[in-house]
Structures are given as C-alpha cells and as structure tokens.
Amino acid sequence: MLFKLTGSSCSGKTTLARSVADRLQQVAVHDFDEVGVPERADRHWRHRMTEHWVRRALEYQGRGINLLLTGQSPLGEVLAAPSAPLLDGIAVCLVDVADEVRRDRLAVRDAGRWDADAVDAFLGWAAWHRGHAQDPRHRPNVITNGSWPEMVWHRWTGWTAEDPRWCTHLLDTTGRPLGKSVDQVQRWVTGQRDAHRTGQLPLSHGWPDK
C-alpha cells in the first residue's frame, strides 16, 4: 500500500514522516527527492518520478511492506501514474500550513535562495493543492498540461468531488506542536490500514473500475 504525504514546500512533510517512522510497523519511509533532483526539474520529471515511486511501492508491496512517501505529487498525479492500479491500496494526506508560516520557513531554510516571485509561486502551488484536494475539477490543467505522455489522466478527470475515491486527508500544521501532528499522521496511517483490511478503503485494488 502507498501512503503519500503531499503538499507545497515547507509544510512539514519530511519532518512528520521521519518523526512517525519508528511508530509504524512494516512501513518504509522515503522522500520523493532522495533519488536526486535535476537542475531543471519540471512537471514532466515529477510525473516520471511519481511512476518510479509507485513501482518502488509495488516492490515493497511484494514483501508485505507499505511505503510512506513524502513529496509534492498530488492525488491526481498518483492516480494517473501508469502502474498505480497495481497497488493494493492508495491513501493521500495533504500537509498544509498558513501562508505566513510557509514564508517564514522558506526564509529560514533557504535563506536568500528565493526571490519574491518564487515565494509567491510556492504559495500559489499550496493554494492549488487545497483546491485539488477538495475537487478533481479544480484547474486540472495545472498538472495535466505538458505532462509526461505515459500519464493516464482519464482515470479520474471525469470524477466529481462527491466520488468517494477522491479522498485526500487534510492535516494543517499551523500552530500545532510537532508531537500532535505526528500523532495525527500515525492515526491516519492506522485508520487507512484498518479501512483497507476491512474492505472500506476507497482506493483499494480495482479502484479505476468501481
């Protein structure tokens, strides 16, 4: 099963994943960018790497291990990855934070690296993530235009917000102590595993045909 922590930069995804790792049994934790990010990484690259990580999840799946993956690929990109239907389950959590907090974190983490336009782009990407998490019809062109040709967008582009398969859990870390956010991630993973075990997970194997 693939658990995906998604969101724009400086929302706290990697910190949460590392902090929760020791609490979870039979879960491998990885960061999307650990394989290396090219200088001109673009949407096309992100889509290809999403497929790469889906295939890694399948390798773990064959060994009875789940993958908890951090990165910026949203639900729509995960579902459109060519190999996604082979996973026995998919669950996505959007890790978010208030814009002013994200600005402060970017300034501290990458001091002097980003100009005002770049910071605004991170905030715009975060806002798009929020809309996408709520409704698959929210500006899908942001991820579908200029995409990797192997992506299978039609799996979900006809869905509405009412489709139970369109399910992204929201975790807003604004003003929360780290420990409480880690607790929530642990509860989310545990709850999704339970749903999968009892046949209640919306994105269980066979989801494209439901």
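A. Geometry of the nonpolar core. In terms of nonpolar packing, the biggest core is built from 34 residues, with Leu 2, Leu 79, Ile 90 and Trp 156 touching the most fellow members. Taken together, the elements giving at least two residues each to this core come down to helix H2 (43–62), strand S3 (66–70), helix H3 (75–80), strand S4 (90–96), helix H5 (116–134) and helix H6 (141–144). Broken down by element, the residue count for this core peaks at 7 residues, all from H2. Membership of the second largest hydrophobic core comes to 19 residues, among which are Leu 16, Ala 91, Trp 188 and Ala 195.

B. Region of the structure containing empty space enclosed by the protein. Taken as a whole and assessed by the stated rule, the structure comprises 2 cavities of 30 Å³ or more. Reported here for the largest cavity is a volume of approximately 40 Å³. In terms of lining, the largest cavity is formed by Thr 6, Pro 74, Leu 75, Val 92, Leu 94, His 129, His 132, Ala 133 and Thr 168. Per-element accounting of the lining of the largest cavity gives the leading share, 3 residues, to H5. Of the residues contributing to the lining of the largest cavity, the split by class is 5 nonpolar, 4 polar and no charged. Estimated volume of the second largest cavity: approximately 30 Å³. Residue lining of the second largest cavity: Leu 2, Lys 4, Phe 32, Thr 50, Trp 53, Val 54, Leu 69, Ser 73 and Val 78, and that is the complete set. Those elements that provide at least two residues to the lining of the second largest cavity are strand S1 (2–6) and H2. Element by element, the count of residues in the lining of the second largest cavity is highest for H2, at 3 residues. Residues that form the lining of the second largest cavity fall into these classes: 6 nonpolar, 2 polar and 1 charged.

C. Structural view of H2. A rise of 1.5 Å per residue sets the reference length of H2, with its 20 residues, at 28 Å; its end C-alpha atoms lie 29 Å apart and thus fit the reference within 8%. Every buried residue of H2 is accounted for by Trp 45, Arg 46, His 47, Met 49, Thr 50, Glu 51, Trp 53, Val 54, Ala 57, Leu 58 and Tyr 60. The N-cap residue of H2 is Asp 42: its side-chain oxygen and the backbone nitrogen of His 44 are 3.3 Å apart. The first or second residue beyond H2 is Gly 64, which carries a positive phi of 75 degrees.

D. Layout of the packing of aromatic side chains. For the structure shown, the criterion picks out 7 aromatic pairs. Ring centres of Trp 159 and Trp 166 lie 6.3 Å apart, and the angle between their planes is 85 degrees; on these two criteria the pair is classed as edge-to-face. Judged on exposure class, the residue Trp 159 and its partner Trp 166 are both buried. Measuring from centroid to centroid gives 6.2 Å for Trp 159 and Trp 207, while their planes differ by 85 degrees, and the two rings are edge-to-face. On the criterion of sequence distance, the pair formed by Trp 159 in the loop between H6 and strand S5 (168–172) and Trp 207 in the segment after helix H7 (178–197) is long-range, its members being 48 residues apart. Residue classification places Trp 159 among the buried residues on the basis of a relative accessible area of 8%.

About the criteria used
Residues numbered from 1 in each chain as written. Predicted model: local features only at pLDDT ≥ 70, side-chain atom pairs only at ≥ 80, totals over all residues. Heavy atoms only, no water. Core = buried A, V, L, I, M, F, W, Y, C linked by side-chain atoms within 4.5 Å. Buried < 20%, exposed > 50% of the residue type's maximum accessible area, 1.4 Å probe, protein only. Helix = DSSP H or I, 4+ residues; strand = E, 2+ residues; numbered from the N terminus. 1 Å grid on protein atoms, 1.4 Å probe; cavity = no way out; pocket = protein on both sides within 12 Å on 5 of 7 lines; lining within 4 Å. Points joined across faces, edges and corners; volume = space filled by probe spheres on them. Nonpolar A, V, L, I, M, F, W, Y, C, P; charged D, E, K, R; others polar. Expected span 1.5 Å × (residues − 1). Polar contact = N/O pair within 3.5 Å; in protein donor to acceptor, adjacent residues only side chain to side chain. Phe/Tyr/Trp six-rings, centres within 6.5 Å; stacked < 30°, edge-to-face > 60°.

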